[in-house]
There are 2 protein chains.
Amino acid sequence: MGSHWEDSLRSHGHRLTPQRRAVLRVLCDAGGHCTLAEIQERLRNRFPEIPLPTVYRNLRCLVDAGLAAQTDLGSGAHVYEFVADKHHHHLVCLRCQHVIDLPDAFLDPLRETLKQQFHFVPCMEHFALFGICPSCSGEPRPAEKGTA
Amino acid sequence: MGSHWEDSLRSHGHRLTPQRRAVLRVLCDAGGHCTLAEIQERLRNRFPEIPLPTVYRNLRCLVDAGLAAQTDLGSGAHVYEFVADKHHHHLVCLRCQHVIDLPDAFLDPLRETLKQQFHFVPCMEHFALFGICPSCSGEPRPAEKGTA
DNA sequence: TTGGATGCAAAGATTTTGCAGTTTT
DNA sequence: AAAACTGCAAAATCTTTGCATCCAA
C-alpha cells in the first residue's frame, strides 16, 4: 500500500525487497548516524549473514530516493541517517522567492565540524539559507529517472 | 620571519621543513579544493618523488594548526583547502555573547551538498550561527536556556 | 517475462602506520 | 642531544564492481 517511502522508492525505479525494507527500518529506528557496518550489525536479527555490499547498495537506493542522507563526519567511514520530512529548513531563492525544503540531516556535517573543531554546539532549529535556485541559475535539473 | 602561519605551526609543536612549506604553498596557491593526489601532483616541480604519506602527514599538521581544512565533498577522496583568515563567519554564543570566528572553508561541505543535491547555490557572505560556546557548555545553567 | 536485487567473491581506492635514517630546534 | 620529519614499504579500511542466480512487478 502506498506508504510515502514506498512511493519514493518505486518512483525512482527501485523495488521493495525484504532486505531493503529492513535497512530502512533499522535506519529509522536507530534515530541517528550509522555506519555501513553498524547497520549490518543491527540487521543481524532478521538477516544474520547479510553481506556488506547488499547493505551498501540498499543504502544507495535509499539515498537516491531521498529517504536517507549520507555524510562524512570525519570518522573514516561514511554515516547514514534516516531523512524524516518533519524537521526541515528552507532554501530561499533570492530571485524568484521559491522555497526548497532542506531536511535537517543535511546540516549534520556542519554540526559535527563545529562540535569537533570549535567545541561549539549550534542551535539550528529555525534555519534559512538564501541563494539561487536551479530554475534561476539556468542549470539543468538533477537527473531524475523514472519520474512520471 | 615570524609569519602568522609559522607561529601557528610552531605553537602546535610542528616544525618547518621544506616539504611542509611547499605543501602549504601549493594549497595556498591552488585557491580551492585539492585532493591528496592533486597536491602531490602540484608538488612535482620542487619534489618530483615526494611520497603520498609525507603529503598526508603534512596536511594533518596544517589542519591541526588551523591552516587548512579537510572536508568530504562526496568524491571518494577528502579534499583540503587553505584556510585564510580573511573571510570568516561568526559563531555567537547565546549565553555569554562570545564570538568565535569560523573560517569560510568550513562551510564548503554544506555548499557542495546543496549544489549537488538541490542544485541550489547559496549566498553565505554574511553568516552567523547561534549556539553554545565551549565555556558555557562546560558550565550547564538550567535556569537560562538558549532561545533560538 | 523483464529488469532489478541478492550473495559471494574479489578488486579498487584511499587512508594510515612502522621503521631506519635525517633534519630541525 | 632530543624530538620531529622524511622516504620507503606495507598494511588496514572502507568502498565498489562482476557475475550467476533469484525475486518483485
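Some points on the overall build of chain A
Consideration 1: When its secondary structure is counted, chain A shows 6 helices and 7 strands.
Consideration 2: Taken from the N to the C terminus, the helices and strands of chain A come in the order α-α-β-α-α-β-β-β-β-α-β-β-α.
Consideration 3: Expressed as lengths along the three principal axes of its C-alpha atoms, the size of chain A is roughly 50 × 45 × 25 Å.
Consideration 4: Relative to its 148 residues, chain A shows a buried fraction of 41%.
Consideration 5: Total accessible area on chain A stands at roughly 8,600 Å², and carbon and sulfur atoms take up 51% of it.
Consideration 6: Averaged over its 16 positive side-chain charges, chain A has a centre that lies 7 Å from the centre of its 17 negative ones.

Digging into the protein's contact with DNA strand D
Consideration 1: Around DNA strand D lies a shell of 23 residues, among which Tyr56 of chain A together with Arg15, Thr17, Arg20 and Arg57 of chain B are the nearest.
Consideration 2: Within 4 Å of the protein, the atoms of DNA strand D are drawn from sugar and phosphate moieties in a proportion of 70%.
Consideration 3: At 2.4 Å from a phosphate oxygen of DNA strand D is found a side-chain nitrogen or oxygen belonging to Tyr56 of chain A.
Consideration 4: In the environment of DNA strand D, a base oxygen lies 2.9 Å from a nitrogen or oxygen atom belonging to the side chain of Arg57 of chain A.
Consideration 5: Sorting the residues of the surface near DNA strand D by element identifies α4 (52-64) of chain A together with α2 (18-30) and α4 (52-64) of chain B as the ones contributing at least two each.
Consideration 6: Within the surface near DNA strand D, the residues separate by chemical class into 9 nonpolar, 7 polar and 7 charged.

Observations concerning the pairing of strand β7 (residues 128-132) of chain B
Consideration 1: Sheet topology note: the strand β6 (residues 121-122) of chain A/β7 of chain B ladder contains 2 bridges and is antiparallel. From the neighbouring strand, Pro122 of chain A faces β7 of chain B, where its bridge partner is Gly131 of chain B.
Consideration 2: Alignment of strand β4 (residues 88-93) of chain B against β7 of chain B, held across 4 bridges, turns out to be parallel. Following the sheet pairing, Val92 of chain B is matched in β7 of chain B by Phe130 of chain B.

Thoughts on the relation of the copies chain B and chain A
Consideration 1: Overlay of chain B on chain A (RMSD 0.1 Å): rotation 180°, translation along the axis 0.0 Å. Seen this way, the second copy is the image of the first under a two-fold rotation axis.
Consideration 2: Here 97% of the contact residues of chain B are again contact residues in chain A; the copies associate through an equivalent surface.

Focus on the packing of helix α2 (residues 18-30) of chain A against α4 of chain A
Residue and element names in this part refer to chain A.
Consideration 1: As a packed pair, α2 and α4 sit with axes 10 Å apart at the nearest point and diverge in direction by 70°. Taken together, the axes of α2 and α4 lie roughly perpendicular to each other. Judged by residue contacts, Gln19, Arg20, Val23, Leu24 and Leu27 of α2 engage Asn58, Leu59, Cys61 and Leu62 from α4.
Consideration 2: Tallied by class, the residues present in the contact of α2 with α4 amount to 6 nonpolar, 2 polar and 1 charged.

Considering unusual backbone geometry
In most cases, non-glycine residues show a negative phi, while peptide bonds are predominantly trans.
Residue and element names in this part refer to chain A.
Consideration 1: Of note in the backbone geometry, His119 takes a positive phi value of approximately 55° without being a glycine.
Consideration 2: Looking at the secondary structure, you find His119 in the loop between α5 (108-118) and β6.
Consideration 3: Accessibility expressed as a relative area gives 52% for His119, which makes it exposed.

Observations concerning the nonpolar core
Consideration 1: Formed by 36 residues in total, the largest nonpolar core has its most connected members in Leu91, Phe118 and Leu129 of chain A together with Leu91, Phe118 and Leu129 of chain B.
Consideration 2: Those elements giving two or more residues to this core turn out to be β4 (88-93), β5 (99-103) and α5 of chain A together with β4, β5 (99-103), α5 (108-118) and β7 of chain B.
Consideration 3: Residues within four places of Phe118 of chain B in sequence aside, it is in contact with Leu91, Ile100, Asp101, Leu102, Pro103, Phe106 and Pro134 of chain A together with Thr113 of chain B.
Consideration 4: In terms of nonpolar packing, the next biggest core, distinct from the first, is built from 20 residues, Phe47, Leu59, Ala65 and Leu67 of chain B among them.

Some remarks on the interface of chain B and chain A
Consideration 1: Listed by partner, the interface residues are 31 residues for chain B and 36 residues for chain A.
Consideration 2: Both faces combined, the contact of chain B with chain A buries some 2,700 Å², and carbon together with sulfur accounts for 76% of it.
Consideration 3: Considering only the side of chain B, the residues that lose the most area to chain A are Phe118, His119 and Phe120 of chain B, jointly responsible for 25% of the buried surface there.
Consideration 4: Applying the counting rule to chain B against chain A returns 0 salt bridges.
Consideration 5: Between the two partners, chain B and chain A, sit 6 residue pairs in polar contact (both at pLDDT 80 or more).

Considerations on the pattern of salt bridges
Consideration 1: This model, assessed by the stated rule, comprises 14 salt bridges over all chains.
Consideration 2: We note a salt bridge from Arg111 of chain A to Asp108 of chain A, for which the minimum N-O separation is 2.9 Å. A residue pair is termed a helical-turn pair when its members lie 3 or 4 positions apart in one helix, as Arg111 of chain A and Asp108 of chain A do in helix α5 at 3 residues.
Consideration 3: For Arg111 of chain A, a relative accessible area of 18% translates into the label buried.
Consideration 4: When the shortest N-O distance is used, the salt bridge between Glu112 of chain B and Lys115 of chain B registers 3.9 Å.

Scoring rules and cut-offs
- Residues numbered from 1 in each chain as written.
- Chains lettered and ligands numbered in written order.
- Predicted model: local features only at pLDDT ≥ 70, side-chain atom pairs only at ≥ 80, totals over all residues.
- Heavy atoms only, no water.
- Helix = DSSP H or I, 4+ residues; strand = E, 2+ residues; numbered from the N terminus.
- Buried < 20%, exposed > 50% of the residue type's maximum accessible area, 1.4 Å probe, protein only.
- Areas by Shrake-Rupley, 256 points an atom, 1.4 Å probe, with all protein chains shown as cover.
- Lys, Arg positive; Asp, Glu negative; His and termini not counted.
- Charge placed at Lys NZ, Arg CZ, Asp CG, Glu CD.
- Near = heavy atom within 4 Å.
- Polar contact = N/O pair within 3.5 Å; in protein donor to acceptor, adjacent residues only side chain to side chain.
- Nonpolar A, V, L, I, M, F, W, Y, C, P; charged D, E, K, R; others polar.
- Pairing = 2+ DSSP bridges.
- Least-squares fit on C-alpha atoms with pLDDT ≥ 70 in both.
- Contact = heavy atoms within 4.5 Å.
- Axes fitted to C-alpha atoms, helices over the stretch in contact; angles between N-to-C directions.
- Parallel < 35°, antiparallel > 145°, perpendicular 65-115°, else oblique.
- Core = buried A, V, L, I, M, F, W, Y, C linked by side-chain atoms within 4.5 Å.
- Buried area = accessible area lost by both parts, 1.4 Å probe.
- Salt bridge = Lys/Arg side-chain N within 4 Å of Asp/Glu carboxyl O.

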